[in-house]
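Fold and contact review
Residues per chain, in single letters:
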Amino acid sequence: MSESIEAGTEIPSRTIHVDRATLIRYAGASGDFNVIHWDEQTAKSVGLPDVIAHGMWTMGAAIQPVVDWLGDAGRVTSYSVRFSAPVPVPHDGGADVEVGATVKSVEGDTATIDITATSGGQKVLVRARATVALKSA
């Protein structure tokens, strides 16, 4: 991160793939074994298009390009999102989440970053924003 950081600076975008195996691993790590994340029939019976990715997995995936850009997850000082749509994860092929981020503002050694996340052409997060320390403590 050697470039000059200012409002409008774009953070390299990234495509993050999720498949059913990812959901199983995430369920085990998080303790979230809700059936809608692994059973197609149940997910569809409650009106979902398919099994869906965990919201917290989606939120975590969306901050990853910012963490990679910073080089240190500890420099993310706050992060919030609003979920706007689920990420359906079909059995065959899984799904991709397209993530982009842009510096909204810089004040001293702190930057506010707006994050976009879409899957299947649909926004899955809105008002996704992180505050980060530009220099290590």
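The rules behind the values
- Residues numbered from 1 in each chain as written.
- Predicted model: local features only at pLDDT ≥ 70, side-chain atom pairs only at ≥ 80, totals over all residues.
- Heavy atoms only, no water.
- UniProt positions renumbered as here; feature names shortened; annotations may be inferred.
- Helix = DSSP H or I, 4+ residues; strand = E, 2+ residues; numbered from the N terminus.
- Buried < 20%, exposed > 50% of the residue type's maximum accessible area, 1.4 Å probe, protein only.
- Pairing = 2+ DSSP bridges.
- Axes fitted to C-alpha atoms, helices over the stretch in contact; angles between N-to-C directions.
- Contact = heavy atoms within 4.5 Å.

If you check an unreviewed UniProt entry, the chain appears there as Acyl dehydratase from Flexivirga oryzae. Per UniProt, the comment on the chain under Sequence similarities (unreviewed entry) is "Belongs to the enoyl-CoA hydratase/isomerase family."

Some words on unusual backbone geometry
One non-glycine residue, Arg 127, lies in the positive phi region at around 50°. For Arg 127, the position within the fold is in strand 5 (residues 122–133). Overall, Arg 127 belongs to the exposed group, its relative accessible area being 64%.

Some points on the sheet that holds strand 3 (residues 95–107)
If you walk across this open sheet you meet the five strands as 1-3-4-5-2, and the pairing is antiparallel. In this open sheet, the two strands that pair with only one neighbour each are strand 1 (10–18) and strand 2 (76–83). Averaged over all pairs of adjacent strands, the angle between strand axes in this sheet comes to 20°, irrespective of strand direction. Judged from the six bridges that link them, strand 2 and strand 5 form a sheet pairing that is antiparallel. Following the sheet pairing, Phe 83 is matched in strand 5 by Leu 125. Contacts from helix 3 (residues 55–70) reach strand 1, strand 2, strand 3, strand 4 (110–119) and strand 5 within the one sheet, and its direction differs from that of strand 1 by about 140°.

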